[in-house]
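Chain and residue survey
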Amino acid sequence: MHLRYSFRIEPTPGQRIALARTFGCARVVYNDALALRKAAWQADKSRIPTGALARRVITEAKRTPERAWLAEVSVDALQSSLRDLDMAYANFFASVTGKRPGRRMGLPVFKKKSDARHSVRFSKNGFRLRGNGRLNLAKIGDVRVRWSRPLPSAPSSVTVIKDPSGRYFASFVVDVDPEILESVAAEVGIDLGLTHYAVLSNGQVIDNPRFLRRAERRLRRAQQSLSRKAKGSKNRAKARIKVARAHARVADARRDWCHQQASRLVRDNQAVYLEDLAVSGLARSRLAKSVHDAAWGMFRRVLEEKAAKYGRCVGVVSRWLPSSQTCHVCWVVNGKKPLHVRTWRCEGCGVEHDRDLNASRVILAAGQAERLNAPGGPVSPGAAIPRQARPVERGTHPKPQPVTTGRQAGIPSL
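This structure is a prediction, so every number in the text was calculated from the model and none was measured. (Residues numbered from 1 in each chain as written. Predicted model: local features only at pLDDT ≥ 70, side-chain atom pairs only at ≥ 80, totals over all residues. Heavy atoms only, no water.)

Topic: the overall build of the protein chain
- Summing up its helical and strand segments, the protein chain has 10 helices and 14 strands in all.
- The dimensions of the protein chain, computed from C-alpha atoms along their principal axes, are 80 × 60 × 50 Å.
- Within the protein chain, the fraction of its 414 residues that count as buried is 41%.
- In the protein chain, 65% of the contacts between residues at least 6 apart in sequence involve partners at least 24 apart.
- For the protein chain, the exposed surface amounts to about 23,400 Å²; the carbon and sulfur share of it is 52%.
- Separation between the mean location of the 76 positive side-chain charges and that of the 34 negative ones in the protein chain comes to 8 Å. (Helix = DSSP H or I, 4+ residues; strand = E, 2+ residues; numbered from the N terminus. Buried < 20%, exposed > 50% of the residue type's maximum accessible area, 1.4 Å probe, protein only. Contact = heavy atoms within 4.5 Å. Areas by Shrake-Rupley, 256 points an atom, 1.4 Å probe, with all protein chains shown as cover. Lys, Arg positive; Asp, Glu negative; His and termini not counted. Charge placed at Lys NZ, Arg CZ, Asp CG, Glu CD.)

Focus: the packing of helix 5 (residues 216-227) against helix 6 (residues 234-268)
- Two elements in contact, helix 5 and helix 6, have axes whose closest approach is 9 Å; the angle formed by their N-to-C orientations is 160°. Considering the angle they form, helix 5 stands roughly antiparallel to helix 6. Handedness of the crossing formed by helix 5 with helix 6: left-handed. Only R236, A239, R240, V243, A246, H247 and R249 of helix 6 make contact with helix 5, whose side of the interface consists of R218, L219, A222, Q223 and L226. (Axes fitted to C-alpha atoms, helices over the stretch in contact; angles between N-to-C directions. Parallel < 35°, antiparallel > 145°, perpendicular 65-115°, else oblique. Left-handed = near helix turned anticlockwise from the far one by under 90°.)

Some remarks on the sheet that holds strand 11 (residues 271-275)
- Sheet architecture is open: five strands sit in the order 10-9-8-11-12, paired in mixed fashion. Every interior strand has two partners, whereas the edge strands, strand 10 (205-207) and strand 12 (313-317), have only one. Ignoring which end each strand starts from, the neighbouring axes of this sheet average 20° apart.
- Across four bridges, the pairing between strand 8 (residues 187-192) and strand 11 is parallel. By the bridge assignment, G189 is partnered in strand 11 with Y273.
- Lying on the sheet, helix 9 (residues 296-310) is in contact with strand 8, strand 9 (196-200), strand 11 and strand 12; it crosses strand 12 at an angle near 140°. (Pairing = 2+ DSSP bridges.)

Topic: unusual backbone geometry
- With a phi angle near 60°, K45 is a residue other than glycine that sits in the positive phi range.
- Secondary-structure assignment places K45 in the loop between helix 1 (13-44) and helix 2 (50-59).
- Residue K45 is classed as exposed on the basis of its relative accessible area of 57%.
- Positive phi, close to 50°, is recorded for R210, a residue that is not glycine.
- With respect to the helices, strands and loops of the structure, R210 is situated in the loop between strand 10 and helix 4 (211-214).
- Accessibility expressed as a relative area gives 35% for R210, which makes it partly exposed.

Let's talk about the side chain of S81
- Here S81 lies in helix 3 (residues 75-96).
- The class of S81 is buried, set by a relative accessible area of 4%.
- The residues touching S81, leaving out its near neighbours within four places in the chain, are A26, V29 and Y30.

A closer look at the packing of aromatic side chains
- Under the defined criterion, the tally for this structure stands at nine aromatic pairs.
- Ring centres of Y89 and F93 lie 6.3 Å apart, and the angle between their planes is 20°; this geometry places the pair in the stacked category. Here Y89 and its partner F93 are both found in helix 3, four residues apart, which amounts to about one turn of the helix.
- Residue Y89 is classed as buried on the basis of its relative accessible area of 9%. (Phe/Tyr/Trp six-rings, centres within 6.5 Å; stacked < 30°, edge-to-face > 60°.)

Here it is, written out as structure tokens:
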């Protein structure tokens, strides 16, 4: 499996100028190639081959006075920008034809010089790792790297990133083998929320850290200072960096917290089940700031990545499962309940439930039922399997089977 290992780098002032030049040249090549492809499509619905496109926007462009400065940077970085354009078009066509799951992607757009984040990728021909720990980039030089951990294998590529706060990072792509952990019997269901970040089916509660809410005062002061500066002035540029650094601290703390919680859940449980929340829809409601601060999408992505690395399972049940309405004891659906109702009594069995704890246990049962009742298995004992059962774990397989209701998921009625 392919993983990314990111490290902070510290380029010298001269290397920062060279990196800025490389960022700009890669952006120009990308925009020139995109303009040619758009013009060719509008003219006669044709597609320019990648080789001919590289010859026109790189090789021939270097011989013109308008693009002669393209020769000052590594050609490997310029070719990588063309590969990025090809991948953007491939993702777009795969999305419109239904081959790519998820939200529909749009056509590639032109890159702006004013973008706060810049990146450029080097393949094996454009970088090497020195014996003294420095990263050598073509036509940039040896860059100091803050090595926080060793690389598990030789990297196949490196992406140099400059974030809005002015920090530089080197992101290496390495090929590693999965680290299969010893199997455990525990499985857990998770109900995500805002009052408590997560309530587990075993009774544990993970508090919501609210990183953005805690940093609002500092952010407010930095943004007010930025708004008072004249546009185009050096003081405004300094104030913008302060705002970006404040946001970066919040994002880094949130990301680190998500990794810690996901690692603990994957280490202690063989399977983790959670609900497929409509985060994009909730982010347009009156709870938008709190939903963005919770970063449920990041938490799910990190959880699935760690499960794939360590041989665990992550099951995602359907968002239409009435987890907050169903009693996990008798499986009677008791109807909708307002958000302020945190405890309720089942009409079927009379058991009083905590709203979030009951929902997590319903999610656990639904996920286990869907995992055990995967389609394609034998109908009766001893019968031959006509085709291999299709697993539903998100940790190792890309397309899970959604669970709709407890009855359809195979949850027994008690």
